[in-house]
Amino acid sequence: MSTVETTTRGTPAPLAETLGTAPVLEGDVRSTQAVSRRPRPVRAAFRLLGSEVSLTLRRPRNLVLIALAASVPVILGIVLRLVGGDDDAPAIVLQIGGNGLMLTFASMLMLVQLLLPLTVAVVAGDAVAGEASLGTLRYLLTAPAGRTRLLLLKFANVTIYALVCCAVVAVVALIVGVALFPVGPVQLLSGATVSVAEGLLRVAMVVGYVTLGMAAFGAVGIAVSTFTDVPIGAVAVSVVAMVFSQVIMLVPQLEPVRPYLLTTWWNSFDGVLRDPIAADVLGQGLLVFAAYTFVFGAIAWSRFTGRDITT
Amino acid sequence: MTTVTGQGAHQAAPSRPTPATVWPTSAQGAHAMPTTHATAVQPDAATPFPGDHAIVSRGLTKRFRGGQVAVDALDLVVPRGSVFGFLGPNGSGKTTTIRMLLGLMRPTGGGCEVLGRSMPDGLAAVLPKVGAVVEGPAFYPHLSGEANLRRYDAADPTADPRTVRRRVADALDRVGLGAAAGKRYKAYSLGMRQRLALAAALLTPRELLILDEPTNGLDPQGTREVRSLIKDVASDGTTVFVSSHLLAEVEQMCTDLGVMRSGRLVAQGPLRELLAQRAPRVRVETAQVAQAASVLNQLGLGGLRTGDFEVTADLGDLLPERVNAALVGDGVAVRGFAVQRPSLEEVFVDLTGEGFDVDG
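Predicted model, so just to flag it, every value in this text is computed and none were measured.

S.K.: Please give an account of the overall build of chain B that cites residues and values.
M.R.: The number of helices and strands found in chain B is 13 helices and 15 strands. For chain B, the residues scored as buried account for 47% of the 360 residues in total.

Here is the structure:
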């Protein structure tokens, strides 16, 4: 919000000024000064979010995790260039040889079930428990950051971190793909072909979809994080829960449960590679992500706002 | 004026009286007290309006899940503009009280008001005006002192980001950390960490400072600096609520006092009046102990105690020179004569007991 805007909206002028003969111009100057003391919730929230993001992205550990994820398309690209895929490889991988853009999708497919969620779990598990274990939580709350506000910003921070991971992987995969393989119109899984621009748009859609899937898992991690003062414990519990969910997916008799599991929907991003885009599958996936985010967000909120801070 | 709270305070807890009724309630409590602690004084004209209190609690209670009562029906009254020393042995409930005042913990009974707003409902409005050091410093180890202060400033929605650079620099200078601003927190000594916590509490102008053991880990020089800093802050009209178990420190800087023991507030009031409750004693050094004792007895002095080559007694209203003249007049060879004013330590030990389980 600009200064000019707030001035015209006007802060109530001091009483003396209203009654007195102060010229309008002076009144404007004073109310501008008064504005600086007026709370600006949105701006203040962005300031704290900026602080969160820079704290997260400056931690060497978090950067190493991103670098590891980003090394996957590099390794995959080099291996395919030197050795080539064997016939057992998934179609999506075999297509890379014909089109570098496919490296993005192939890399995502390899990362989305384990490496990306692990990376997100580290940041999400740290969200509340990390601050609690340092003791910084009590100072943030007496600042006062506000419990609900802090929790929302922690979630936003995890989402941004997930987005950064996915985007870095996609960009690195694009660079490697363009450098090592021919690039041209993209042949989709269903056989149709789209232009390079359309292909890039679909890469962006994959990044968006996977980010939201990771954010939903981040909500689970944050919820766990509000129950403990030991960050590694929160990370461990959310990771084990994720692996547990994937084990359940492997049991044929439990197939009816699958649509309700978060992990089921992560690699549904390949719906983007159909023609037309498999909007129903993607839509269902997004619905599940939203449901997980909401339910675990509510758990985190009720726990965090009602809890005594003892560290 | 001094209030002593005890059994009576429990009766007040469920009804949650308004601040105006705090004093009568406390006075009732005082009547119910054991006589050893009967130090109650009725409210006098010096008592400010209830609205003039920086902190008021009524029946504030924290019972932990295990059933342990950490804070028991606390009726705390901290006048605005005072430097309030919150004393008590380790484990007497000081930090738990502070955590409830700051909204970090939820009371299980009673309530409290900070700067006129009831907690925890008024947290968002009140806390920007409160600077706090709770249970020692806590910062991000890999960030510099300056970056750490910026981080906490960012968490305060009322702080102006345009002035943060100057405010952080000022706060660091004020605690003598200007030169170490760019150093990582993990390289700070305990004393520097403690100073950084104080700097964080001084980031914006405050109406109330709540400091939990602020001189922990400081060398004597640092302790003096913190004391003068507190006096400096208080002279601007900021109320300072400082918990400590260092009696000398409290005696030197506080105007008011609250004394905790096993979760209860056993006394509170202006420091002067708490000290005045204990009568000064005369101490006579002489070889003629028995004779000196009988002279003092004849003068009507109570609390007579004799030792090897010394006699002590409560001075009462008598002038010390009269006592000395009477002793000399009676032929007692006085080797030494002293009037002993009670120290805060004696008052404190009186109130909290020599050990933890006195009066258990």
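S.K.: Pulling in residues and values, what's your account of the overall build of chain A?
M.R.: Secondary structure assignment for chain A yields 13 helices and 2 strands. Put simply, of all contacts in chain A between residues at least 6 apart along the chain, 77% involve residues at least 24 apart.

S.K.: Explain the pairing of strand E2 (residues 69–74) of chain B to me, and be specific about the residues and the numbers.
M.R.: Residues and elements named next belong to chain B. The buried count for E2 comes to 5 of 6 residues, which makes it a mostly enclosed element. Looking at chain direction, strand E1 (residues 53–63) and E2 are connected through 3 bridges and run antiparallel. Bridging from a neighbouring strand, Leu60 pairs with Leu74 of E2. Here E1 hands over to E2 after 5 residues, with Gly67 in that stretch at a positive phi of 100°.

S.K.: Which residues make up the environment of Gly191 of chain A, and what values do they have?
M.R.: Along the chain, Gly191 of chain A falls in the loop between strand E1 (186–187) and strand E2 (193–194). The sequence separation of Gly191 of chain A and Leu82 of chain A amounts to 109 residues, and the corresponding C-alpha distance is 26 Å.

S.K.: Mind laying out unusual backbone geometry, listing which residues take part and the relevant values?
M.R.: Backbone geometry follows two general trends: most residues other than glycine have a negative phi, and most peptide bonds adopt the trans configuration. That bond from Asp275 of chain A to Pro276 of chain A is cis: its omega, -5°, falls within 30 degrees of zero. On the secondary structure map, Pro276 of chain A appears in the loop between helix H12 (231–250) and helix H13 (279–306). A cis amide bond, omega 5°, links Met119 of chain B with the succeeding residue Pro120 of chain B. With respect to the helices and strands, the residue Pro120 of chain B is situated in the loop between strand E6 (117–119) and helix H4 (123–126). The phi dihedral of Glu213 of chain B is positive, around 50°, even though this residue is not glycine.

S.K.: If you had to explain the interface of chain A and chain B to someone new, which residues and values would you point to?
M.R.: If you look at the interface, chain A gives 21 residues, while chain B gives 23 residues. Elements that contribute at least two residues to the side of chain A that touches chain B include exactly helix H4 (41–57) and helix H9 (136–142) of chain A. Element by element, the count of residues in the side of chain A that touches chain B is highest for H9 of chain A, at 6 residues. Considering only residue class, the side of chain A that touches chain B consists of 12 nonpolar, 6 polar and 3 charged.

S.K.: Which residues make up the nonpolar core, and what values do they have?
M.R.: The tendency in soluble globular proteins is for nonpolar side chains to be buried as a group. Membership of the largest hydrophobic core comes to 165 residues, with the highest contact counts inside it found for Val120, Val158 and Val169 of chain A together with Ala199, Ile210, Val240 and Phe241 of chain B. Excluding its chain neighbours within four sequence positions, the residues that come into contact with Val158 of chain A are Val120, Val123, Ala124, Ala127, Ala215, Gly218 and Ile222 of chain A. Core analysis: the second largest hydrophobic core is formed by 13 residues, Val284, Ala292, Val295 and Leu315 of chain B among them.

S.K.: An account of the sheet that holds strand E10 (residues 256–261) of chain B is requested, with residue identities and associated values reported.
M.R.: Residue and element names in this part refer to chain B. Strand order in the open sheet formed by 6 strands is E7-E8-E9-E4-E10-E11, and the pairing between neighbours is mixed. Because the sheet does not close on itself, it has two edges, and the strands there are strand E7 (130–133) and strand E11 (264–270). Strand after strand, the sheet turns through a mean of 10° between neighbouring axes, direction not considered. Two strands pair when backbone bridges link them, and strand E4 (residues 83–87) and E10 are joined in this way by 4 bridges, in the parallel orientation. Looking at the pairing, Phe84 lines up with Asp256 of E10. Contacting E7 and strand E8 (208–212), helix H7 (residues 190–201) crosses the sheet at an angle of about 165° to E7.

S.K.: Kindly report on the environment of Ala204 of chain A, identifying the contributing residues and their values.
M.R.: Locating Ala204 of chain A in the fold gives a position in helix H11 (residues 196–225). Along the primary structure Ala204 of chain A and Ala167 of chain A are separated by 37 residues, whereas in three dimensions their C-alpha atoms are 8.3 Å apart.

S.K.: Account for the pairing of E10 of chain B, naming residues and giving values.
M.R.: All names here are of chain B. With respect to burial, E10 is a largely interior element, 6 of its 6 residues being buried. Going residue by residue along E10, you find Asp256, Gly258 and Met260 tucked away on one face and Leu257, Val259 and Arg261 tucked away on the opposite face as well. One ladder, built from 6 bridges, connects E10 with E11; its direction is antiparallel. Along E11, the bridge assignment pairs Gly258 with Gln268.

S.K.: So what's going on with the packing of helix H8 (residues 115–134) of chain A against H11 of chain A? Which residues, and what values?
M.R.: Residues and elements named next belong to chain A. Direction vectors running N to C along H8 and H11 enclose 35°, while the axes themselves pass 7 Å from each other. Two packed elements cross with a definite hand, and for H8 against H11 that hand is right-handed. Every residue of H11 that contacts H8 at Leu116, Pro117, Val120, Ala121, Ala124, Gly125, Ala127, Val128 and Ala129 is listed here: Met214, Phe217, Gly218, Gly221, Ile222, Val224 and Ser225. Here the contact of H8 with H11 is built from residues that sort into 12 nonpolar, 4 polar and no charged.

S.K.: Give me the lowdown on the sheet that holds strand E12 (residues 281–286) of chain B, citing residues and values where you can.
M.R.: All names here are of chain B. Reading across from one edge, E13-E14-E12-E15 is the order of the 4 strands in this open sheet, with antiparallel pairing throughout. In the strand order of this sheet, the two ends are held by strand E13 (305–307) and strand E15 (334–340), each with one partner. Between one strand axis and the next, the sheet turns by 15° as a mean value, whatever way the strands run. Across 6 bridges, the pairing between E12 and E15 is antiparallel. Within the sheet, the bridge partner assigned to Arg281 lies in E15 and is Gln340. Across the sheet, helix H11 (residues 289–298) is in contact with E12, E13 and strand E14 (310–314); its angle to E14 comes to roughly 15°. The strands touched by helix H12 (residues 320–329) within the sheet are E12 and E15, with E15 carrying the most contacts at an inclination of about 160°.

S.K.: How would you explain the packing of helix H5 (residues 145–155) of chain B against H7 of chain B if you had to name every residue and give the values?
M.R.: Residue and element names in this part refer to chain B. Contact geometry for H5 and H7: axes closest at 10 Å, N-to-C directions at 35°. Both H5 and H7 take part in a crossing whose hand is right-handed. In this structure, H5 contributes Gly145, Asn148, Leu149 and Tyr152 to the contact, and H7 contributes Leu196, Ala199 and Ala200. Partitioned by chemical class, the residues of the contact of H5 with H7 number 5 nonpolar, 2 polar and no charged.

S.K.: Give a description of the environment of Gly191 of chain B that names residues and reports values.
M.R.: Residues and elements named next belong to chain B. By the element assignment, Gly191 lies in helix H7. As a C-alpha pair, Gly191 and Ser118 span 73 residues in sequence and 34 Å in three-dimensional space. In contact with Gly191, other than residues within four places in its own chain, are Gly217, Leu218, Asp219 and Gly222.

S.K.: Can you tell me about helix H6 (residues 164–174) of chain B, naming the residues and giving the values?
M.R.: Residues and elements named next belong to chain B. Of the positions making up H6, those classed as buried are Val168, Ala171 and Leu172. The buried residues of H6 occupy one face: seen down the axis, they fall within an arc of 100°. Buried residues belonging to H6 abut H5 and H7.

About the thresholds
Residues numbered from 1 in each chain as written. Chains lettered and ligands numbered in written order. Predicted model: local features only at pLDDT ≥ 70, side-chain atom pairs only at ≥ 80, totals over all residues. Helix = DSSP H or I, 4+ residues; strand = E, 2+ residues; numbered from the N terminus. Buried ≥ 20, exposed ≤ 12 C-beta atoms within 10 Å, placed from the backbone. Contact = placed C-beta atoms within 7 Å. Pairing = 2+ DSSP bridges. Nonpolar A, V, L, I, M, F, W, Y, C, P; charged D, E, K, R; others polar. Core = buried A, V, L, I, M, F, W, Y, C linked by C-beta atoms within 7 Å. Axes fitted to C-alpha atoms, helices over the stretch in contact; angles between N-to-C directions. Left-handed = near helix turned anticlockwise from the far one by under 90°. Arc of directions from axis to C-beta.

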